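# Descriptive structure summary
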Amino acid sequence: MRIDLHTHSTASDGTESPSDVIAAATSAGLDVVALTDHDTTSGWDEAAAAAHQHGIALVRGAEISARSHGTSVHLLSYLHDPTHPDLMAEIGQTRSARLSRAQQMVELLAEDYPLTWEHVVAQSGPDTVVGRPHIADALVALGVVPSRDAAFADLLTADSRYYVPHHAPDAVVAVRAIRAAGGVPVFAHPGATGRGRIVPDEVFDELAEAGLAGMEIGHRDHSKEQVVRLLGIAARLGMLVTGSSDYHGAGKLNRLGEHQTPAAVLDAIEEQGHIEVVRP
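On a predicted model such as this, the values are computed, not experimentally measured, just so you know. (Residues numbered from 1 in each chain as written. Predicted model: local features only at pLDDT ≥ 70, side-chain atom pairs only at ≥ 80, totals over all residues. Heavy atoms only, no water.)

### Quick look at a negative patch on the surface
- Together, D170, E202, E206 and E209 line one region of the surface with negative charge.
- Turning to its location among the elements, E209 is positioned in helix 8 (residues 201-210).
- You can call E209 exposed: its relative accessible area is 75%. (Patch = residues over 30% accessible without salt bridge, like charges linked within 9 Å, V, L, I, M, F, W, Y side chains within 5 Å. Areas by Shrake-Rupley, 256 points an atom, 1.4 Å probe, with all protein chains shown as cover. Salt bridge = Lys/Arg side-chain N within 4 Å of Asp/Glu carboxyl O. Lys, Arg positive; Asp, Glu negative; His and termini not counted. Charge placed at Lys NZ, Arg CZ, Asp CG, Glu CD. Helix = DSSP H or I, 4+ residues; strand = E, 2+ residues; numbered from the N terminus. Buried < 20%, exposed > 50% of the residue type's maximum accessible area, 1.4 Å probe, protein only.)

### Remarks on the nonpolar core
- Ranked by size, the top nonpolar core spans 27 residues in total, and within it V73, L75, F187, F204, L207, L212 and M215 carry the most contacts.
- Elements that contribute at least two residues to this core include exactly strand 3 (57-68), strand 4 (71-78), helix 3 (85-110), helix 7 (171-180), helix 8, strand 6 (214-218) and helix 9 (224-237).
- Ranked by the residues each element gives to this core, the list is headed by helix 7, at six residues.
- The residues contacting F187, other than those within four sequence positions of it, are V73, H74, L75, V199, F204, L207, L212, G214, M215 and E216.
- Listed in part, the 21 residues of the second largest apolar core include W44, V186, A268 and V277. (Core = buried A, V, L, I, M, F, W, Y, C linked by side-chain atoms within 4.5 Å. Contact = heavy atoms within 4.5 Å.)

### Thoughts on the packing of helix 7 against helix 8
- Direction vectors running N to C along helix 7 and helix 8 enclose 30°, while the axes themselves pass 9 Å from each other. Here helix 7 is positioned roughly parallel relative to helix 8, judged by the angle of their axes. Like other packed secondary-structure pairs, helix 7 and helix 8 cross with a definite hand, here right-handed. Packed against helix 7, whose contacting residues are A171, V172, V175 and R176, the element helix 8 presents E206, L207 and A210 at the interface.
- When grouped by side-chain class, the residues that make up the contact of helix 7 with helix 8 number five nonpolar, no polar and two charged. (Axes fitted to C-alpha atoms, helices over the stretch in contact; angles between N-to-C directions. Parallel < 35°, antiparallel > 145°, perpendicular 65-115°, else oblique. Left-handed = near helix turned anticlockwise from the far one by under 90°. Nonpolar A, V, L, I, M, F, W, Y, C, P; charged D, E, K, R; others polar.)

In structure tokens form, the structure reads like this:
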């Protein structure tokens, strides 16, 4: 079984529609793929229909933004109830904050570059959670930077004068909300030092007590040293270990299936989840 539990579509910051992500996963030889757009489930129905069409299993999920002791944390929520009021309230507040933050960043960038909000909106879809990736794509389209990665390495980095933080729930609160919605929370790329600060070891204990189920350790942004560190923490806390691509289409270099999750881990996730895996 070839299982990839972390992908993004145009419902958030990917460059392919949910159905195209499913088609790409099928072409890549995957047996199971998860759609985990940022703070939204709007791509689920389209992805499920495409999964039936292409004969591939689909894990419905989302990547939930959170914070822990001032550090950004991303939590993959698998198989949760998409109508649960507490989780939807947290996600809705974060979506609104993302939009406001993006607008403020565009205003700051416009002081030095020929960027408008219309340029950014043109890079997103009607149901997209607009964020920094769409600002990056607009800057690429204008010729300000050569690529999305270049934009994030300079103008959109957290150290840039154009950066604006946004609201996100405390990670413990987010984990509890995911569990209350019947979801299975997994810490996404927890050792990705190239993205900025990472949480210290004791945070994993806090999150485990709150209900964190696992850690995404197989990820291209993890060094060998971080993999060793994280495997030790996961073993100590009895957590599930996943591996995923974090695919964004043309938005990132990440390729479908470059890291994978064992079938037994998927079985454990499905056993804990509120909704079923969509199977052909």
